[in-house]
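Structural characterization, general
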Amino acid sequence: VYTKIGRMVHVTAKITGDGTADTSHFIITGLPFAAAQNEAVSVFSNADYSGQQGFVQGHITVSQFTLYESDGSDMTYTMMGFGSSKYVQLSGTYFV
């Protein structure tokens, strides 16, 4: 879901997984407008983030959400521990 007012765009998303293991970098593409610059993203998850250090961080670049571990390394789908009733919720505001 998104709202655009002038140059400002606010986007929220809730992503669920099916428990499939996947070591790909966690990236959500298809934002409605390309970002003028990188912006921070608020991330909440009830997924099993076990065995990982720190917290999940995210940012918007161009037209995608990208998630990282707190040390800056790539966050993968497998690391998020998606299973039954697990999800990641993202929220971010950026300028176009």
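Residues numbered from 1 in each chain as written. Predicted model: local features only at pLDDT ≥ 70, side-chain atom pairs only at ≥ 80, totals over all residues. Heavy atoms only, no water.

A surface patch of nonpolar side chains, amounting to about 270 Å² of accessible area, comprises I5, M8 and F95. Along the chain, F95 turns up in strand β7 (residues 87-95). (Patch = residues over 30% accessible without salt bridge, like charges linked within 9 Å, V, L, I, M, F, W, Y side chains within 5 Å. Areas by Shrake-Rupley, 256 points an atom, 1.4 Å probe, with all protein chains shown as cover. Salt bridge = Lys/Arg side-chain N within 4 Å of Asp/Glu carboxyl O. Helix = DSSP H or I, 4+ residues; strand = E, 2+ residues; numbered from the N terminus.)

This next bit is on the packing of aromatic side chains. Taken as a whole and judged by the stated rule, the model has one aromatic pair. Seen in terms of ring centroids, Y2 and F33 are 5.7 Å apart; in terms of plane orientation they differ by 85 degrees. Their pairing is edge-to-face. One end of the pair, Y2, is in strand β1 (residues 2-5); the other, F33, is in the loop between β3 (27-29) and β4 (39-45), with 31 residues separating them in the sequence. A residue is classified by how much of its surface remains accessible, and Y2, at 46% relative accessible area, is partly exposed. One cation-aromatic arrangement involves K4 over F33; the distance from NZ or CZ to the ring centre is 5.2 Å. (Phe/Tyr/Trp six-rings, centres within 6.5 Å; stacked < 30°, edge-to-face > 60°. Buried < 20%, exposed > 50% of the residue type's maximum accessible area, 1.4 Å probe, protein only. Lys NZ or Arg CZ within 6 Å of the ring centre and 35° of its normal.)

When strand β2 (residues 8-16) meets β7, the two strands line up antiparallel, connected through nine bridges. Bridge pairing in β7 places V11 opposite G92. Sheet topology places β4 next to β7; four bridges connect them, and they run antiparallel. By the bridge assignment, F44 is partnered in β7 with Q89. (Pairing = 2+ DSSP bridges.)

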